[in-house]
Amino acid sequence: QAAAIPLSVLTSWNSMVDIGGLKEGGSVLILGGSSGVGHIAVQLAVALGAKYVAATCGTAKVDYVKSLGAHDVVDYRTQVLDDVLKGKEFDVVFDVVGDKKDRDRAFNLTKRGAVVVTCQPIEDNEQTSKIVQILKGFGDILLKNLTNYFSNGVTYRSMFVRDQLE
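Residues numbered from 1 in each chain as written. Predicted model: local features only at pLDDT ≥ 70, side-chain atom pairs only at ≥ 80, totals over all residues. Heavy atoms only, no water.

A. Looking closely at the pairing of strand β4 (residues 90-95). With 5 of its 6 residues buried, β4 lies for the most part within the structure. Both strand β1 (residues 27-31) and β4 contribute to a ladder of 4 bridges, which runs parallel. Across the sheet, the residue bridging to L29 is V93, located in β4. (Buried < 20%, exposed > 50% of the residue type's maximum accessible area, 1.4 Å probe, protein only. Helix = DSSP H or I, 4+ residues; strand = E, 2+ residues; numbered from the N terminus. Pairing = 2+ DSSP bridges.)

B. Representation of the pattern of salt bridges. Per the stated rule, a full pass over the model turns up 3 salt bridges. Here R105 ties to D82 by a salt bridge, and the two come within 3.1 Å at their closest N and O atoms. Pair noted here: R105 is in helix α5 (residues 100-106) and D82 is in helix α4 (residues 81-84), with a separation of 23 residues, a long-range link. Judged by its relative accessible area of 16%, D82 falls in the buried class. A salt bridge links D95 to R103; its shortest N-O distance comes to 2.8 Å. (Salt bridge = Lys/Arg side-chain N within 4 Å of Asp/Glu carboxyl O.)

C. Spotlight on helix α1 (residues 4-19). Relative to the 22 Å expected for 16 residues at 1.5 Å per residue, α1 spans 21 Å between its end C-alpha atoms, a close match to the ideal helical length. Of all the bends in α1, the greatest, near 25 degrees, is centred on W13. The complete set of buried residues in α1 reads S8, T11, S12, S15, M16 and V17. Among the residues trailing α1, G21 stands out with phi positive, at a value near 75 degrees. (Expected span 1.5 Å × (residues − 1). Bend = angle between axes of the 7 residues up to and from the residue.)

D. Structural detail: the packing of α1 against helix α2 (residues 38-47). The interhelical angle for the contact between α1 and α2, taken along N-to-C directions, is 55 degrees, at an axis separation of 9 Å. Of the possible angle classes, the one that applies to α1 and α2 is oblique. The handedness of the crossing between α1 and α2 comes out as right-handed. Each of S8, V9, S12, W13 and M16 in α1 lies in contact with α2, whose residues at this interface are I40, A41, L44 and A45. A class-by-class count of the residues in the contact of α1 with α2 yields 7 nonpolar, 2 polar and no charged. (Axes fitted to C-alpha atoms, helices over the stretch in contact; angles between N-to-C directions. Parallel < 35°, antiparallel > 145°, perpendicular 65-115°, else oblique. Left-handed = near helix turned anticlockwise from the far one by under 90°. Contact = heavy atoms within 4.5 Å. Nonpolar A, V, L, I, M, F, W, Y, C, P; charged D, E, K, R; others polar.)

Next comes the structure, spelled out in structure tokens:
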């Protein structure tokens, strides 16, 4: 359990800064802002000097995520992401949850040239092998990259993660 915090920090840094290119004065949308990685990502974005940080979470965690420094928090249970953040544009979208519906909505909120980074969960699943899950993830990346890159220059990147090590 002690390794959880450094791993969350490294995942957030790698996703938002190394891959996403978030810089001081930039803007970021974090899907899953109250999760183990997400709550670190919100604080890291604020500490880096992001001018605008928005995040999603469930109803019970809205005040918590606001207390971490998020400027806007969307309750995914009762609100529609792109309705609440209409008119906002983000340099980086960091999807900690891997929810295709909200990630697809987030593409509507990106600046030209933005980067969308997602953590693709790989589950221990008897019905779907790990290699099939990875291939489906790459298919999603390829489709989104082509569609969004040609329409508004958005790049889509993915990290494959497991919740436990063997």
